[in-house]
Amino acid sequence: MKFRHWLFLVLGIGYTVSAGAAGRPAGQKPPAADSGRAVRPARLVKEAVPFLYSPPAPPSPRLLFDYYHHKGPNTKVGNFMVTGAWVNINGRYGWDDFVHTNTFDPVFVALEKEFAISMAQEPYSEATLAQKDAVVIVNPDNPKLDSTANVLTDAEIAMLKRYVEKGGSLMVMINSGGADRTAEDFEGVQLRKLVRSFGLDWNSDDTHYSDVAIGENHPYFYDVPIFHYGSGCTIRILPEARQPTVLMQVASDAGYPDRKVKGPGIVMTRPGKGKFILVGDNGSWTGNMSRPWAENERILKQLFRYLKPDQGVKPPQLPAGKTFHYEVTVAELQGIPVTNSLTKIEHPHFKMFSPRPTTSMPYLEATARLTLNVGKHGPEEAAPMTAEVDGFRWFEEAPHEKQQISFFASRQGKVSRTAATGHASRWLLPDVSILVPLLPVDGIRPGDRWESLETVRVPMLNGTDLPPVKPALMSLTYIGDTELAGRACRLIRATGEVWLSDLGVQVTDLLPDEEARRVGGSQYRFFNEHGGKIMYKREQWVDRETGVVVKGRVQTRIVAWIQDTTRPVGSSNALRDQEMIVSMAHSTTFNLKEAK
């Protein structure tokens, strides 16, 4: 088989010819209608609507950082440098200060792709607030430390309160208190008046540079093992607070036996139509974002998404005792030129697809029924999930016995702690996280993106073996609203294509065990250090009301160049392609049949 024909089949190149003019010589007019016959009215043809593959990004939420009540860097170093103060709070947490470890430039670098950020340098006004989706106040300057400090006025406090009640978002970030923190002291009289108007207050305590274990299954943050709370205070929730939510609990860690500080560190309330968030530490977002054992930047990005105006997006509704029945279908196809020695590798359970007499392409199908059960859990606890896999079979072969998969789904929909028993359930395991959507906040809109650590199934030559699985940081996109099976759905998609080397995929990951474990080593290796590329696509059609996945589909495909070291390397790219190229594609689809 010639290489160009094989490449045509593997990559699926094709074309279509429009009807009508086709088949009529150029320049020839269409035949005239017979005036003696009745003329039928032209049939109206409905214009095709172009399929929207990816939506335009929505307008970035408009963030206003208050640098009127907190001045920027003002300490001169030598002749050419201005930075924040080192002996007190003045000028710290500023912008355009790449020198001080307590600059806020890491915040702006982390957020600038998702938010439209501006800096206020004048008092609040109704006109200014009307143009912003969220306002951030950082440690207002204390007139005891700076006689020129601009203090919040009662009129500004009343203005900010109205702004939030009408739908705006306000975040206030402060520091720890106590006698040993006077150099970090911020203006507290007017600021406390503002904060208490939203039902919150702060304590004069100090966790003192403590690490907070977030781990798996946190109700409001995900993919963060450790968060460093950089010497902050705890927060009090007052009786008048409206819909208070403790986004994060903090505590002094074992490294500071002189204190036992514990309590809420980040709290959100919902007065009126808007949101108010109080954060008990500023330093978490400065040089502390560089701590290599903590993931403060991920917390920062996820925290600021809570400021987005509420769009009514609900997290997955997974009440205890709920059951979901899915139909599972699997398909795989491989493209390997006949001159490639890998064609001699056996493919148990596969059949051959022959698009032409000289071409045979191994393909695989599997089907199963999956029943997803939700276990008992509290309102903010992760839901324990069990998935019973029944009737799993390759093509029409005898089905496997019933097997089980287990995992946890957090309040936001983050899947973790997956486990399985039996070959069939372990084979499906890499794809089951598609059954629960990660919907991080209520303010996401079509076009919005958020990151998530997910797993990628790596297709392999003997596709019925347990597949290698690699972690990948994916960008999830809210594509838009659609309808599926009579349900109004949100379409969530994650796509990507990366070098196999970047995922840590070795050539032995693609080979059958007997070849990978051959005495003296395998005769195969990647022709280039990159190996090739793996492309993935994860799609979820999510019920708008319940957050339940109506349809989930996971697809992966590898195109790699694998060299047989017992053979000479071809002298041209065409010859090398015929001897080395391998294409392997996998697709798993879950369709919801019933929910009880």
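Given the structure is predicted, the values throughout are model-derived calculations rather than measurements. (Residues numbered from 1 in each chain as written. Predicted model: local features only at pLDDT ≥ 70, side-chain atom pairs only at ≥ 80, totals over all residues. Heavy atoms only, no water.)

(A) View of the overall build of the chain. Along the backbone of the chain there are ten helices and 26 strands. Viewed in the frame of its principal axes, the chain has a C-alpha envelope of about 90 × 85 × 60 Å. Residues counted as buried form 51% of the 596 residues belonging to the chain. The long-range fraction of contacts in the chain, counting pairs at least 24 apart against all pairs at least 6 apart in sequence, stands at 71%. Just so you have it, the chain exposes about 28400 Å², and 53% of that area is on carbon and sulfur atoms. The positive charge centre, built from 69 side chains, and the negative charge centre, built from 66, are 7 Å apart in the chain. (Helix = DSSP H or I, 4+ residues; strand = E, 2+ residues; numbered from the N terminus. Buried < 20%, exposed > 50% of the residue type's maximum accessible area, 1.4 Å probe, protein only. Contact = heavy atoms within 4.5 Å. Areas by Shrake-Rupley, 256 points an atom, 1.4 Å probe, with all protein chains shown as cover. Lys, Arg positive; Asp, Glu negative; His and termini not counted. Charge placed at Lys NZ, Arg CZ, Asp CG, Glu CD.)

(B) Geometry of helix α10 (residues 573-580). Considered for burial, the residues of α10 that qualify are R576, D577 and M580. The arc enclosing the buried residues of α10, seen along the axis, measures out at 100°, which places them on a common side. (Arc of directions from axis to C-beta.)

(C) Up close: the side chain of H586. Among the secondary structure elements, H586 is positioned in strand β26 (residues 581-595). On the accessibility criterion, H586 (2% relative accessible area) is buried. Of the polar contacts made by the side chain of H586, one reaches the side chain of R457; its length is 3.3 Å. The residues contacting H586, other than those within four sequence positions of it, are V330, A331, E332, W427, D431, R457, P459, V554, Q555 and T556. (Polar contact = N/O pair within 3.5 Å; in protein donor to acceptor, adjacent residues only side chain to side chain.)

(D) Looking closely at the sheet that holds strand β11 (residues 245-251). Pairing is mixed across the open sheet formed by seven strands, whose spatial order is β4-β1-β5-β6-β13-β12-β11. A strand with exactly one partner marks an edge of an open sheet, and here the two such strands are β4 (116-120) and β11. Strand-to-strand twist in this sheet, taken as the mean axis angle between neighbours without regard to direction, amounts to 20°. Here strand β12 (residues 262-269) runs beside strand β13 (residues 275-279); their pairing, made up of four bridges, is antiparallel. Following the sheet pairing, V267 is matched in β13 by L278. Along the sheet face, helix α5 (residues 189-196) touches β5 (134-138), β6 (169-173) and β13 and points at about 135° away from the line of β6. (Pairing = 2+ DSSP bridges. Axes fitted to C-alpha atoms, helices over the stretch in contact; angles between N-to-C directions.)

(E) Spotlight on the environment of M352. In this structure, M352 sits in strand β15 (residues 351-353). Remark: the alpha-carbon pair of M352 and L333, spanning 19 residues in sequence, is separated by 9.3 Å. In this view, M352 contacts S360, M361, P362 and Y363; residues no more than four positions away in its chain are not counted.

(F) Representation of the pairing of β12 within the structure. Taken across its eight residues, β12 has seven buried, putting it largely inside the fold. Here six bridges tie β11 to β12, and the two strands are oriented antiparallel to one another. Considered in β12, the bridge of V246 is made with V267.

(G) The arrangement of the environment of T477 in detail. Take T477: it is sitting in strand β21 (residues 469-484). Considering only alpha carbons, one finds T477 and R449, 28 residues apart in sequence, at a separation of 4.5 Å. Filtering out sequence-adjacent residues up to four positions away, T477 remains in contact with G447, D448, R449, L491, I492 and R493. Reaching out from T477, the side chain makes a polar contact with the side chain of R449 at a distance of 3.0 Å.

(H) Broad picture of the pattern of salt bridges. Enumeration over the complete set of coordinates arrives at 31 salt bridges. When the shortest N-O distance is used, the salt bridge between D201 and R192 registers 2.7 Å. One salt bridge in this structure joins E396 and K351, with 3.4 Å as the shortest N-O distance. Of the two residues, E396 sits in the loop between β17 (383-394) and β18 (403-409) while K351 sits in strand β15, which places them 45 residues apart along the sequence. (Salt bridge = Lys/Arg side-chain N within 4 Å of Asp/Glu carboxyl O.)

(I) Structural view of a nonpolar patch on the surface. Side chains of V77, M81, W86, V87 and V99 sit close together on the surface and give an oily, nonpolar patch of about 480 Å² of accessible area. By secondary structure assignment, the location of V99 is in the loop between β3 (81-83) and α2 (105-111). (Patch = residues over 30% accessible without salt bridge, like charges linked within 9 Å, V, L, I, M, F, W, Y side chains within 5 Å.)

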